[in-house]
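Residue strings, one per chain:
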Amino acid sequence: MKVNKEVLEALKNNKPVVALESTIISHGMPYPKNVQTALLVEKTIRENGAIPATIGIIDGEPIIGMSPEEIEEFGKRKGIRKVSRRDLPIVYANKLWGATTVAATMILAAQAGIEIFVTGGVGGAHRGAQETFDISADLEELGKTNVTVVSAGVKAILDLNLTLEILETKGVPVLSYQSDEFADFYTRHSGIKMENVVNSPKEIAQIIKAKRENHLDGGMLVANPIPEEDAMDVDVINGAIEKALKMADEAGVKGKDVTPFLLKTIVELTGGDSLESNIKLVLNNAKLGAKIAKELTQL
Ligand code: PSU
Ligand code: MN
C-alpha cells in the first residue's frame, strides 16, 4: 500500500490520524458536492487537531491519504468500483480503481495502523433482511477489525433494530454520543434507547484503550447524532425513504447497488435537502473523530 508521507510521519510519531472512506465520494454523493465535502471533511479534521487519510484504490494499489487531485478524480471518474472486503483481491489483481466502503476502509486503515475512522453512516441490515439476507458486510467487519468508526448512527433506510441485534451478536460495542437515543442519520430520534451513553472524546478514547489492552479484537461504533439545526423533518424524510424503497423494489435494484440507489433517490425526492443534512452530519462526525484520535494519542 502507498501511505502518504504526512500520514506515515504522523503514525510513526504517535500523532492523531483519522481514516476516511471513498465510497461516500464516488457512490454516496453527486459531483461536485462529493468532492467539496470530502475536502471540507479533511479540513475539519485538521482544524480539530488530527491528520486526515482518505483511503481508496488506484490501479490496484491502496492509497492511504489521497491527494486533493486524487479526491477530485474519485469524485468525477465514471465506473469506479464500489469495493467491500470480497472485492479487494479482484481489484488488486486486475489493477482497477476502487472506492472503499466502510468494511474495506476498516481493513486498510487497520493494516496501516489507523484506529479511528470517520464516515456518514455505516451499512447495516436492510428492511426485510429476514427474507433477503441483505446485510452489509460493514457489520461483519465491525465484528472483527480493530477500528473505531464514528458515524451518525445507522441510516434510516435500514432496519435499525435488526442492525443493533446483529452488532450485539458480533460483540461490537455501540457508544451513543451525548444522547440516550440511537442516531438514525437524518434525524436524532430513532426512538431506540441506548445503554452506553458517552459524553466526551476522552471517555471514548479510554474505552478504545481498554479494548486494545485487553485484546478484545473487533471494531467499535460511535453513534453521533446529527446536530438539531441540521436534522430533517421526520415526516419529510420518512416519506422520502418509503417512496425510495418502493422505487428500488419496482426497479429490481439488488446487491451493492441498493444503498447508492436509495441515497440518490432520497436526495432527488427531498429536493436536495437530504444531501445538505448528509454533508452536515459528516462534518459533525469529522469534528468528533479528530478529537477522539487526539485524546487517544494522549492516553
Ligand atoms: N452511508 C452514506 N453514504 C454512503 C455509504 C453509507 O451516507 O455512501 C456507503 C458506505 O461506503 C457503506 C456502504 O460502507 O455505503 C454500504 O453499502 P452496502 O449497504 O452495500 O454494504
Ligand atoms: Mn447489501
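Figured I'd write up the structure that's included with this text. (Residues numbered from 1 in each chain as written. Chains lettered and ligands numbered in written order. Predicted model: local features only at pLDDT ≥ 70, side-chain atom pairs only at ≥ 80, totals over all residues. Heavy atoms only, no water.)

**Observations concerning the pattern of salt bridges**
Thought 1: Inspection of the entire model under this criterion finds 17 salt bridges.
Thought 2: Arg85 is the partner of Glu141 in a salt bridge, and the nearest nitrogen-oxygen pair spans 2.8 Å. A residue pair is termed long-range when its members are at least 10 positions apart, and Glu141 in helix α8 (residues 137–142) and Arg85 in the loop between β5 (81–83) and α5 (88–93) qualify at 56 residues.
Thought 3: The class for Glu141 is buried, based on a relative accessible area of 1%.
Thought 4: Between Glu268 and Lys264 there is a salt bridge, with its nearest N and O atoms 3.5 Å apart. Of the two residues, Glu268 and Lys264 both sit in helix α12 (residues 258–269), four residues apart, roughly one turn of that helix. Of the two residues, Glu268 and Lys264, both sit in the exposed class. (Salt bridge = Lys/Arg side-chain N within 4 Å of Asp/Glu carboxyl O. Helix = DSSP H or I, 4+ residues; strand = E, 2+ residues; numbered from the N terminus. Buried < 20%, exposed > 50% of the residue type's maximum accessible area, 1.4 Å probe, protein only.)

**Things to note about the packing of helix α10 (residues 201–213) against helix α13 (residues 273–298)**
Thought 1: Packing of α10 against α13 brings their axes to within 8 Å, and their N-to-C directions diverge by 55°. Between α10 and α13, the angle falls in the class oblique. The hand of the α10/α13 crossing is right-handed. Along the contact surface, α10 presents Pro201, Lys202, Ile204, Ala205, Ile208, Lys209 and Arg212, while α13 presents Leu288, Lys291, Ile292, Glu295 and Leu296.
Thought 2: Of the residues that constitute the contact of α10 with α13, the class distribution is seven nonpolar, no polar and five charged. (Axes fitted to C-alpha atoms, helices over the stretch in contact; angles between N-to-C directions. Parallel < 35°, antiparallel > 145°, perpendicular 65-115°, else oblique. Left-handed = near helix turned anticlockwise from the far one by under 90°. Contact = heavy atoms within 4.5 Å. Nonpolar A, V, L, I, M, F, W, Y, C, P; charged D, E, K, R; others polar.)

**Observations regarding the site of ligand 1**
Thought 1: The full set close to ligand 1 counts 16 residues, and Glu21, Lys82, Ser136, Asp138 and Thr259 are the nearest of them.
Thought 2: Between an oxygen atom of ligand 1 and a side-chain N or O atom of Lys82, the distance comes to 2.8 Å.
Thought 3: At 2.7 Å, a side-chain N or O of Asp138 approaches an oxygen atom of ligand 1.
Thought 4: Within the complex, the protein chains bury 94% of what would otherwise be the 480 Å² of accessible surface of ligand 1.
Thought 5: Within the residue set of the shell around ligand 1, elements represented by two or more residues are α2 (23–26) and α12.
Thought 6: Within the shell around ligand 1, the residues separate by chemical class into four nonpolar, eight polar and four charged. (Near = heavy atom within 4 Å. Polar contact = N/O pair within 3.5 Å; in protein donor to acceptor, adjacent residues only side chain to side chain. Areas by Shrake-Rupley, 256 points an atom, 1.4 Å probe, with all protein chains shown as cover.)

The analysis is restricted to geometry; functional conclusions fall outside its scope.
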